[in-house]
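# Structural description and commentary
Below, each chain spelled out in residue letters.
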Amino acid sequence: VYHEFSRPDGSPDYMLNMIADGSIHYNTGDSPDGETFLATKGSIIIYKPLEPQYLSDTTQNITRYWVHFLGFGVPEILNKCHLSEGRFYKVKDIKGLEEIFLKILAEVQSTSEYKVIKCNAYLLDLLSEMARLIDNGPHCDKLNAQLAPALKIINTQYRKSLNIDELAAICYMSKYHFIRAFKEHTGCTPYSYLTNVRINAAKDLLKNTNIKVGNISDAVGISDQLYFSKLFKKHTGKSPNEYRYRK
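Summarised in this report is the structure supplied together with it. (Residues numbered from 1 in each chain as written. Predicted model: local features only at pLDDT ≥ 70, side-chain atom pairs only at ≥ 80, totals over all residues. Heavy atoms only, no water.)

### Quick notes on the overall build of the protein chain
Spelled out, the test is: To qualify as a helix, a DSSP run of H or I must reach at least 4 residues; to qualify as a strand, a run of E must reach at least 2; elements of each kind are numbered from the N terminus. C-alpha atoms define the radius of gyration in this analysis, and the globule rule sets the expected value at 2.2 Å times the number of residues to the power 0.38. Only protein chains enter the calculation, and the probe is 1.4 Å; a residue is then buried if its accessible area is under 20% of its type maximum, exposed if over 50%, and partly exposed in between. Here, two residues are considered to be in contact whenever any of their heavy atoms come within 4.5 Å of each other. Here, Shrake-Rupley sampling with a 1.4 Å probe gives the accessible areas, and only protein chains in the shown set may cover a residue. Here Asp and Glu are counted as negative and Lys and Arg as positive; His is not counted, and neither are the chain ends. Charged groups are reduced to one reference atom each: NZ for lysine, CZ for arginine, CG for aspartic acid, CD for glutamic acid.
The helix and strand tally for the protein chain stands at 10 helices and 8 strands. In summary, the protein chain has a C-alpha radius of gyration of 19 Å against a globular reference of 18 Å for 247 residues, a match within 12%. Dimensions of the protein chain, computed from the C-alpha atoms along their principal axes, are close to 60 × 45 × 40 Å. Across the 247 residues of the protein chain, 44% fall into the buried class. Across the protein chain, contacts joining residues at least 24 apart in sequence account for 69% of those joining residues at least 6 apart. Roughly 14100 Å² of accessible area belongs to the protein chain as shown, and the carbon and sulfur atoms make up 54% of that amount. For the protein chain, the centre of its 31 positive side-chain charges and the centre of its 27 negative side-chain charges are spaced 4 Å apart.

Structural data, given as structure tokens:
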């Protein structure tokens, strides 16, 4: 049975998913028609508040755990656990994480007066254990360090014309190795990541300024306004003006 789930306006809280069996496609951008990430066993997916959520399964037998959470200090906790930069992560051993998810589920269904305290404690245990498992090897640390220069340039210089060959070169990688490593680390290709950064910057300008759409296009590094508008609609499901004046 093929299953799809969509929440275009996202959720008011964080949603953390873990795939224990099977595979599911998750959106990498804001549109259901954009590029997707194939999450398999051991994949961890974290949606921030109000991020559009689209997923569709590819196998019949799927085991997926998820939990919603929100509260004071959550961004800082995720940052300390190195779970704040991307949406997709991967662990090899899910047994311990699965046990914590089941403890949370049992507490949610209990009538104990202490269940909120217990759930909070289990959530912190879950996040810290994920952080330990994700960053438990020299390969991950090396990959983070290697890609850091490229990620910094994309996040701070997205207004400029960026070249994949040059980004690979500053990471001391071949173009092929760079693209493969980048997708392993972020869940999407360098071009898709750059596009997401530009679209997010455009969304911020549309929401918080009165700058004309053509000038916003230039400001985020896309010189062709028509192409910008098509790209924006592909990622968000709305034209720039529709997004600006949405109710």
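Now that the structure is up, let's keep going.
### Comments concerning helix H9 (residues 225-236)
The line we're drawing: A helix is expected to reach a length of 1.5 Å times the quantity of its residues less one. Along the arc lie the directions from the helix axis toward the C-beta atoms. Whenever a nitrogen or oxygen atom comes within 3.5 Å of another N or O atom, the pair is scored as a polar contact, on the condition that within protein one atom can donate a hydrogen and the other can accept it, and that pairs from neighbouring residues in sequence are kept only if both atoms are in side chains.
Taking 1.5 Å of rise per residue, 12 residues should cover 16 Å, and H9 covers 16 Å from first to last C-alpha, within 8% of that figure. Looking only at H9, the buried set comprises Phe-228, Leu-231, Phe-232, His-235 and Thr-236. The arc enclosing the buried residues of H9, seen along the axis, measures out at 110°, which places them on a common side. The exposed residues of H9 that point more than 90 degrees off its buried face are Leu-226 and Lys-230. Tucked inside the fold, the buried residues of H9 contact helix H7 (190-208), helix H8 (213-219) and helix H10 (240-244). With a side-chain oxygen lying 3.0 Å from the backbone nitrogen of Leu-226, the N-terminal cap of H9 falls on Asp-224. Just past H9, the residue Gly-237 takes up positive phi, approximately 80°.

Any functional reading would require information that these geometric values do not contain.
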